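# Summary of the model geometry
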Amino acid sequence: MHVTRLSLTDFRSYPAVEIELVPGATALVGPNGQGKTNLVEAVGYVAALSSHRVATDAPLIRLGCRRAVVRAGVSRAGRQILVELEIVSGAANRARVNRAPVPRTRDVLGLLRTVSFAPEDLTLVKGDPDGRRRFLDDLLVARAPRFAGVRSDYERVLKQRNTLLKSIKQGKGDIRTLDVWDDQLAAVGAELLAGRRYLVHLLAPYVTEAYREVAGGQGDALIEYRGSLGPEILADPRPGRDALRAHLLEAMARRRPVELERQVSLVGPHRDDLVLQLGPFPAKGFASHGESWSYALALRLGSYQLLRADIGPDGDGEPVLILDDVFAELDSGRRDRLAALVKDAEQVLVTAAVPEDVPEVLSGDRIRVGQGEALRVDR
Ligand SMILES: Nc1ncnc2c1ncn2[C@@H]1O[C@H](COP(=O)(O)OP(=O)(O)OP(=O)(O)O)[C@@H](O)[C@H]1O
Ligand SMILES: [Mg+2]
């Protein structure tokens, strides 16, 4: 699939902008702070309904405005789809597909698939587990949009259970209600856990392969899901949901006294991590800056290859690849290898501050970004 047109109103720095996009490589070039990332962020938003840069939607709305609109034309298996999203401050967002309103914005998920790689992704390797959990959950939703519901159900149940733990400690809550929330947390948690674990099982070989290709064969990258449950359940890449649920319940029962004392839920997928191993060492704390970069890139390229391999008989279409400010950070060997790896993507959007940072094989279409405008450069 590919994006054919992007139009923004009051999104980030843009009062209004519109660009036409073509399949193949497009380079968005312009000085720092001119709005290149804002454009590709909008594309990613249409796919994920969230931005990799921020946790909430508020910063996406242009300062002083009440709402932002993102419109994207998507070409998919020969069909044209128009997705329109309205991001509203202090109210629910709205979505339309081919001009018809959809019941829930979430229904838009799955229409466009993107994989983005940006400098911030270094925190996937160097940062805390929550970034890696988000990475997994985003990919889970990209592969199977119904997980968006599972994920938000889980967050809601977790929040309510934590509130209850606090009020029990204050002598206000009823401890019998906790059993109800334990059941809920275990049921939804097992579903999320099963999804994540199977995803890591599928993704791992792609990441290993991508790391080899990007880093030029130095060391092996192995990823592994680390859960709060025991090793016996973790040994099975595809444990049944019932088994996971029973394990979660059992673990919650065991940790209940500590949870009541600390007033937080200590068992469940919100405590888990994705372990990134590089050769004999964990990447975090051991990998060099360049190796960490390659690792982060391998996680994204691996995701891209996994999504690409998912394409069903009904022709879901390849995801759109977004490389935001990536090439300036890489040495020439890695730069060339990365360019060679992605040059055949159905669509790849590359941003760079200077044209020299865009490898020759990716310099197909060029858009100059500056002073609130994004204009195609005739070459
Ligand atoms: N909600 C907003 N309202 C108005 N302006 C915003 C908003 N969010 C971000 N901006 C502005 O957008 C600009 C940043 O745009 P963007 O991140 O796309 O730049 P860039 O071209 O990618 O730069 P770089 O090369 O440094 O990565 C900043 O000047 C910032 O102030
Ligand atoms: Mg940028």
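Before reading further, recall that the structure is shown in the block above.
What comes next concerns the included structure. What you see is a predicted model; the values in this text were computed from it and never measured.

Calculation notes
- Residues numbered from 1 in each chain as written.
- Chains lettered and ligands numbered in written order.
- Predicted model: local features only at pLDDT ≥ 70, side-chain atom pairs only at ≥ 80, totals over all residues.
- Heavy atoms only, no water.
- Near = heavy atom within 4 Å.
- Polar contact = N/O pair within 3.5 Å; in protein donor to acceptor, adjacent residues only side chain to side chain.
- Areas by Shrake-Rupley, 256 points an atom, 1.4 Å probe, with all protein chains shown as cover.
- Nonpolar A, V, L, I, M, F, W, Y, C, P; charged D, E, K, R; others polar.
- Core = buried A, V, L, I, M, F, W, Y, C linked by side-chain atoms within 4.5 Å.
- Buried < 20%, exposed > 50% of the residue type's maximum accessible area, 1.4 Å probe, protein only.
- Helix = DSSP H or I, 4+ residues; strand = E, 2+ residues; numbered from the N terminus.
- Contact = heavy atoms within 4.5 Å.
- Pairing = 2+ DSSP bridges.
- Axes fitted to C-alpha atoms, helices over the stretch in contact; angles between N-to-C directions.
- Parallel < 35°, antiparallel > 145°, perpendicular 65-115°, else oblique.
- Left-handed = near helix turned anticlockwise from the far one by under 90°.

### Some details on the site of ligand 1
Taken together, 16 residues lie around ligand 1, and Gly33, Lys36, Thr37, Asn38 and Pro59 are the ones closest in. Within the contact set of ligand 1, an oxygen atom lies 2.7 Å away from a side-chain nitrogen or oxygen of Thr37. Protein chains bury 70% of the 650 Å² of accessible surface belonging to ligand 1 in isolation. For the shell around ligand 1, the residue count by class is four nonpolar, seven polar and five charged.

### Quick look at the nonpolar core
With 120 residues, the main nonpolar core has Leu39, Ile223, Tyr295 and Leu323 as its most contacted residues. Considering each element in turn, this core owes the most residues, 18 residues, to helix H5 (residues 175–215). Leu39 has contacts with Leu6, Leu8, Tyr14, Val17, Ile19, Leu28, Val369 and Ala374, leaving out every residue within four places of it along the chain.

### Concerning the sheet that holds strand S15 (residues 373–376)
The six strands are arranged S8-S12-S13-S3-S14-S15 in an open sheet whose pairing can be described as mixed. With one partner strand each, in any of the chains shown, strand S8 (114–117) and S15 form the two edges of the open sheet. When strand polarity is set aside, the average angle formed by the axes of neighbouring strands in this sheet is 20 degrees. One ladder, built from six bridges, connects strand S3 (residues 24–29) with strand S13 (residues 347–352); its direction is parallel. From the neighbouring strand, Ala25 faces S13, where its bridge partner is Val348.

### Details of the packing of H5 against helix H7 (residues 241–262)
Two numbers describe how H5 lies on H7: the axes approach to 8 Å, and their chain directions differ by 135 degrees. With respect to each other, H5 and H7 are oriented oblique. Crossing of H5 over H7 shows right-handed handedness.

### Here's the deal with unusual backbone geometry
One non-glycine residue, Asn98, adopts positive backbone phi at about 50 degrees. Positionally, Asn98 belongs in the loop between strand S6 (94–97) and strand S7 (100–101). Overall, the relative accessible area of 43% leaves Asn98 in the partly exposed class. Positive phi, normally seen in glycine, also occurs at Gln371, with a value near 50 degrees. By secondary structure assignment, the location of Gln371 is in the loop between strand S14 (365–370) and S15. You can call Gln371 exposed: its relative accessible area is 76%.

### Quick word on the packing of helix H4 (residues 147–169) against H5
Running from N to C, H4 and H5 cross one another at 150 degrees; their axes reach a closest spacing of 9 Å. When the interaxial angle is binned, H4 and H5 end up roughly antiparallel. Taken as a pair, H4 and H5 cross one another with a handedness that is left-handed. On the side of H4, the interface is formed by Phe147, Val150, Asp153, Tyr154, Val157, Leu158, Gln160, Arg161, Leu164, Leu165 and Ile168, while H5 contributes Ile175, Thr177, Leu178, Trp181, Asp182, Gln184, Leu185, Val188, Gly189, Glu191, Leu192 and Gly195. Residue composition of the contact of H4 with H5, grouped by class: 14 nonpolar, five polar and four charged.

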